[in-house]
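Analysis of the macromolecular model
The residues making up each chain are set out below.
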Number of protein chains: 2
Amino acid sequence: MSKTNPLAVIGTVAIDEVETPFGKRDRAFGGSASYFSYAASFFTPVSVVAVVGKDFPKDFLSILEGRPIDLSHLEHSDGKTFFWRGRYRYDMNAAETLETQLNVLTEFNPKLNFNSPPDFLFLANIDPVLQEKVLDQAGKPKARFVACDTMNFWIEKKRPELIRVLARVDGIIINENEARQLAGEANLIRAAQKIHSWGPAKVVIKKGEHGVLLFDQGQFFPLPGYPLETVFDPTGAGDSFAGALMGYLAKTGDLSFENLKKAVAYGAVMASFTVEDFSLDRLRRLDFGQIEERLAIFRRLCSF
Amino acid sequence: MSKTNPLAVIGTVAIDEVETPFGKRDRAFGGSASYFSYAASFFTPVSVVAVVGKDFPKDFLSILEGRPIDLSHLEHSDGKTFFWRGRYRYDMNAAETLETQLNVLTEFNPKLNFNSPPDFLFLANIDPVLQEKVLDQAGKPKARFVACDTMNFWIEKKRPELIRVLARVDGIIINENEARQLAGEANLIRAAQKIHSWGPAKVVIKKGEHGVLLFDQGQFFPLPGYPLETVFDPTGAGDSFAGALMGYLAKTGDLSFENLKKAVAYGAVMASFTVEDFSLDRLRRLDFGQIEERLAIFRRLCSF
């Protein structure tokens, strides 16, 4: 139990049903914390704070157990696991949510009992009220670097709570449209600056196929999308992006702008693998050599 | 009259009325050939093949005359100059066209009488029938490098003519959404490959704030957008991008992939200046040192 916990994530471990132009998967292993932790585990050990129901398949769990992923904070609850059903059509940048069953998530009350609180903490997209509870227990001022994600639903429904979370985090990793919505600014540079003014020193805006925009206290890093001919299933791209980014930061412990740029590039590379297959399937066939190889290709592609 | 003509453009010289969230300009100097030639003139002399009406302001012409821009192929016709009225709202990526008066453009029959045909030729966004006429006179097989632009209107209304043009050009410089529409492919990598299969070896896809994607016979170069806090008026961004790109190619005469990447970067930098003010106003205050300086900043920003 005296594991070091350099990195922890709170988020969802889910069962997904996904349809894309390339096929359909009825019971896919999904959830923000699943993608995040699997991606991060290429760089560093990671703890998952989440909840699953009685129906959660053992073989899904064993996928995480085979990695340096600490599941001792994964709560096993009565009831059914969080379920998401979605579809991607012509435009693979936008998921169409067909059904969301919160199930065990409605009663989720994260209780963290780390021997030593994590240095790096990611609050994946969940109710900002839960994000605050985690911050109270394992987050600021204890953790060294805390980042969060969010989504349009919370921006609309729980804005005051979300703004309180923002005041306590060091970074935010957020989608393009959510950044615009949160800031009330169409221009992403201004949106990043405005979000920064509410708390996070580092603002990372994910733009799907168009890449990433990193803002860090006045400095910008625009990264294009990695050119992919086939995007098979975009589910989990954002969470595995965040997992690789945070995993690399936790591994190196270096929060300089130059290292953050590299972390963003690792995130983009990880996401480019994730979307090449359903669920975690591509990541499960991935080794670190392939990550390094694609990063090198990406760097060469981008140079001029 | 025995000027060398390394670069020529056929397109529009227009009077625009533009409204953006930052202001309104009633009679702005516009048109694809105007933006293109002004941008190209930072790199190389350029000839304009276009038509204006009797109402065309002399002071607009003198703006071009003050540059190494050859206006001897600019036709002065009876009637009114091509007029475009448009608006940009919250989303500065998309112009809303409120009015188009073709005027003298309806009767335009470009007659080219270059002593020596141009080595580099750009067919800006006009009726593909006119683009073909120019190709017959000054284009392939005579010119060394011919590129074209087009728009949704021609893709819908004159697809067979457009496909004929594509078979005769070396490159195409086209907007993201038009690339998708032309190819019938949501994925831009596949769209570029499909468009390439119809003729152009080099496919340049402009993505506004998200940058550019260059495809050149199997090789890709993704360039992010130059981070701009204020986009004052996006009109002419695409044409000045093309002007700088073609101007740099014509100046260097080097069509290698590495040089094309640099040409694309010059194009992006030029466009980033264009949008900082109405009409050609920012380009008129621009010198080559500022272009080089921003290119160096851009390159530094993008490296990781």
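In short, a report on the structure. Treat the numbers as computed from the prediction; the structure is a model and nothing was measured. (Residues numbered from 1 in each chain as written. Chains lettered and ligands numbered in written order. Predicted model: local features only at pLDDT ≥ 70, side-chain atom pairs only at ≥ 80, totals over all residues. Heavy atoms only, no water.)

**Some words on the overall build of chain A**
If you tally the helices and strands in chain A, you get 11 helices and 14 strands. Principal-axis analysis of the C-alpha atoms gives chain A an extent of 55 × 45 × 40 Å. Expressed as a percentage of the 304 residues in chain A, the buried residues total 61%. Here the contacts in chain A between residues at least 6 apart in sequence split such that 67% fall between residues at least 24 apart. Of the roughly 11,600 Å² of accessible surface on chain A, a fraction of 49% belongs to carbon and sulfur atoms. (Helix = DSSP H or I, 4+ residues; strand = E, 2+ residues; numbered from the N terminus. Buried < 20%, exposed > 50% of the residue type's maximum accessible area, 1.4 Å probe, protein only. Contact = heavy atoms within 4.5 Å. Areas by Shrake-Rupley, 256 points an atom, 1.4 Å probe, with all protein chains shown as cover.)

**So, the pairing of strand β2 (residues 14–20) of chain A**
Residues and elements named next belong to chain A. The element β2 is largely enclosed, with a buried count of six among its seven residues. Direction of pairing for β2 relative to strand β3 (residues 23–30): antiparallel, over a ladder of six bridges. Bridge pairing links E19 to K24 in β3. Where β2 meets strand β7 (residues 83–87), five bridges bridge the pair, whose relative direction is parallel. Within the sheet, the bridge partner assigned to I15 lies in β7 and is F83. (Pairing = 2+ DSSP bridges.)

**Digging into the sheet that holds strand β3 (residues 23–30) of chain B**
Residue and element names in this part refer to chain B. Strand order in the open sheet formed by four strands is β3-β2-β7-β8, and the pairing between neighbours is mixed. Among the strands making up the open sheet, the edge pair consists of β3 and β8 (96–101). In this sheet, neighbouring strand axes are inclined to one another by 15° on average, regardless of whether the strands run parallel or antiparallel. By the bridge criterion, five bridges tie strand β7 (residues 83–87) to β8 in an arrangement that is antiparallel. Residue pairing for β8: W84 is matched across the bridge by T100. (Axes fitted to C-alpha atoms, helices over the stretch in contact; angles between N-to-C directions.)

**Re the pattern of salt bridges**
Residues and elements named next belong to chain A. Under the criterion given, the structure shown has 36 salt bridges over all chains. Close ionic contact of D127 with K158 constitutes a salt bridge, the shortest N to O distance being 2.8 Å. In this pair, D127 is assigned in the loop between β9 (120–123) and α3 (128–138) and K158 in the loop between α4 (152–157) and α5 (159–166), connecting sequence segments 31 residues apart. Where salt bridges share partners, they join E17, K24 and D26 into one cluster. (Salt bridge = Lys/Arg side-chain N within 4 Å of Asp/Glu carboxyl O.)

**Examining the relation of the copies chain A and chain B**
For the pair chain A and chain B, the relating rotation is 180°, the translation along its axis is 0.0 Å, and the fit reaches an RMSD of 0.0 Å. Expressed as an axis order, the relation between the two copies is that of a two-fold axis. In terms of C-alpha distance to the rotation axis, chain A has P224 of chain A as its closest residue, with the C-alpha 2.4 Å off the axis. Interface residue correspondence from chain A to chain B reaches 100%, placing this contact among same-surface, isologous pairings. (Least-squares fit on C-alpha atoms with pLDDT ≥ 70 in both.)

**With respect to the environment of P45 of chain B**
All names here are of chain B. Of note, P45 is situated in the loop between α1 (32–40) and β4 (46–52). Separated by 202 residues in the primary sequence, P45 and G247 place their C-alpha atoms 8.2 Å from one another. In contact with P45, not counting residues within four places along its chain, are P6, L7 and P68.

**Structural notes on the sheet that holds strand β8 (residues 96–101) of chain A**
Residue and element names in this part refer to chain A. The strand order across the open sheet built from four strands is β3-β2-β7-β8, with neighbouring strands paired in mixed fashion. With one partner strand each, in any of the chains shown, β3 and β8 form the two edges of the open sheet. Direction aside, the axes of adjacent strands within the sheet are offset by 15° on average. Running over the sheet, helix α2 (residues 58–65) touches β2 and β3 and is turned about 65° from β3.

**Examining the interface of chain A and chain B**
Counting from both sides, the interface comprises 35 residues of chain A and, opposite them, 35 residues of chain B. Across the chain A to chain B interface the summed buried area is about 3,100 Å²; carbon plus sulfur atoms make up 56%. Its largest share of buried area at the contact with chain B, chain A owes to H210, E229 and F304 of chain A, together 25% of the area lost on that side. Across the contact surface, chain A and chain B share two salt bridges. Between E209 of chain B and R180 of chain A there is a salt bridge, with its nearest N and O atoms 3.1 Å apart. The tally of links between chain A and chain B comes to 20 residue pairs in polar contact (both at pLDDT 80 or more). For the side of chain A that touches chain B, the secondary-structure elements that each account for two or more residues are α6 (176–183), α7 (188–197), β14 (219–223), α9 (257–274) and α11 (288–302) of chain A. Looking at which element gives the most residues to the side of chain A that touches chain B, the answer is α11 of chain A, with six residues. Its residues assigned to classes, the side of chain A that touches chain B comprises 18 nonpolar, seven polar and 10 charged. (Buried area = accessible area lost by both parts, 1.4 Å probe. Polar contact = N/O pair within 3.5 Å; in protein donor to acceptor, adjacent residues only side chain to side chain. Nonpolar A, V, L, I, M, F, W, Y, C, P; charged D, E, K, R; others polar.)

**Some remarks on α9 of chain A**
The end-to-end C-alpha distance of α9 of chain A is 26 Å, a good match for the 26 Å that 18 residues give at a rise of 1.5 Å each. Burial analysis of α9 of chain A places 16 of its 18 residues in the buried class, which makes it a mostly covered element. (Expected span 1.5 Å × (residues − 1).)

**Topic: the packing of helix α1 (residues 32–40) of chain A against helix α8 (residues 237–252) of chain A**
Residues and elements named next belong to chain A. In the contact formed by α1 and α8, the axes pass within 7 Å of each other and the chain directions differ by 40°. For the element pair α1 / α8, the angle class is oblique. Considering how the two elements wind past one another, α1 and α8 form a crossing that is right-handed. Residues S32, Y35, F36, A39 and A40 of α1 lie in contact with α8, whose contacting residues are D239, S240, A242, G243, A244, M246 and G247. Of the residues belonging to the contact of α1 with α8, the class tally is seven nonpolar, four polar and one charged. (Parallel < 35°, antiparallel > 145°, perpendicular 65-115°, else oblique. Left-handed = near helix turned anticlockwise from the far one by under 90°.)

Scope: geometric values only; no functional claims are made or implied.
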